[in-house]
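In case you want the letters, here they are:
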Amino acid sequence: AFILFIIAGAALFLFFYLGTQGQEVEITIHKKGRIELGADFIIPIEIKNISDSELRDVELSIELPRGTRVIEEGIERIAPPRITAPLKDFSPGGEYIRDIRVRMFGKEGEEKKVEVSLLYRPEGIGARFSSKQTENFTIERTPLALSWSAPDVLSNGQEVSLSFHYSSSAETPFENISFR
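Fair warning: this is a prediction, and the values are worked out from it, not measured in the lab.

Student: Would you take a moment to explain the sheet that holds strand β10 (residues 129-141) for this structure?
Tutor: Across a sheet, paired strands are connected by hydrogen bonds in the backbone, their directions being either parallel or antiparallel. If you walk across this open sheet you meet the five strands as β2-β10-β9-β4-β7, and the pairing is mixed. The sheet terminates laterally at β2 (35-36) and β7 (83-87), the two strands that pair on one side only. As defined by bridge partners, strand β4 (residues 55-63) adjoins strand β9 (residues 111-122) across seven bridges and the pair is classed as antiparallel. Along β9, the bridge assignment pairs Ile 62 with Val 116.

Student: Hey, could you run me through the packing of aromatic side chains in this one?
Tutor: Under the defined criterion, the tally for this structure stands at two aromatic pairs. With a centroid separation of 6.4 Å and an interplanar angle of 35 degrees, the aromatic rings of Tyr 120 and Phe 129 are classed as tilted. Of the residues examined, Tyr 120 reaches a relative accessible area of 0% and is grouped as buried.

Student: Looking at this structure, how should I read the pairing of strand β1 (residues 25-29)?
Tutor: The two faces of a sheet get side chains in turn, since along a regular strand they alternate between them. Along β1, the buried face is formed by Val 25, Ile 27 and Ile 29; none of Glu 26 and Thr 28, which line the opposite face, is buried. Pairing analysis gives five bridges linking β1 to strand β3 (residues 40-49), with the strands arranged antiparallel. Looking at β3, one finds that Thr 28 is bridged to Glu 46.

Student: Can you walk me through the side chain of Ser 117 in this structure?
Tutor: Tracing the sequence through the fold places Ser 117 in strand β9. Filtering out sequence-adjacent residues up to four positions away, Ser 117 remains in contact with Glu 59, Leu 60, Ser 61, Ser 131 and Lys 132.

Student: Is there a simple way to think about the side chain of Glu 46 in this case?
Tutor: Tracing the backbone through its elements, the reader meets Glu 46 in strand β3. Accessibility expressed as a relative area gives 15% for Glu 46, which makes it buried. Within the structure, Glu 46 has its side chain in polar contact with the side chain of His 30 (distance 2.9 Å). In this structure, Glu 46 is in contact with Glu 26, Ile 27, Thr 28, His 30, Glu 95, Tyr 96 and Ile 97, ignoring residues within four places of it in sequence.

Reading the values: rules and limits
Residues numbered from 1 in each chain as written. Predicted model: local features only at pLDDT ≥ 70, side-chain atom pairs only at ≥ 80, totals over all residues. Heavy atoms only, no water. Pairing = 2+ DSSP bridges. Helix = DSSP H or I, 4+ residues; strand = E, 2+ residues; numbered from the N terminus. Phe/Tyr/Trp six-rings, centres within 6.5 Å; stacked < 30°, edge-to-face > 60°. Buried < 20%, exposed > 50% of the residue type's maximum accessible area, 1.4 Å probe, protein only. Contact = heavy atoms within 4.5 Å. Polar contact = N/O pair within 3.5 Å; in protein donor to acceptor, adjacent residues only side chain to side chain.

Geometric values such as these leave the question of function open.
Here it is as structure tokens:
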């Protein structure tokens, strides 16, 4: 009877605790309404401990799209494949907010995926768990459009005139532009 009690207890533990794996944390990636190609903007990331236990050994991981640039303390650099940061222990109901200033590049209408993961260990449990949230950002406007024109047919030794045209709807001026 005692062994049956232990097996039933273990089964209940597995069903109730492990069945809710990843539900101790709520991750929200706040999405900006409209992304302009090359313009910097802030992605607010909010993490809440919605469980009744403290979360320990917490590690935040952020994956940004390839080619994204990160702006930290006024310095702009290419974003690494993964940004990781250890966090303090989360008490029940605890909250953490991190703002990431970025600049994304791509084509108009292209979607860029941002993924946030959190690794943690609930108090009193030896295993580590994870929670993940993904948000897609769509580039809705390109502030600089380039086009060029050349004759349809060229012959050897012919002088050619090429025309480059650009249209800018950017809020800030483009200075010292050159074509290569």
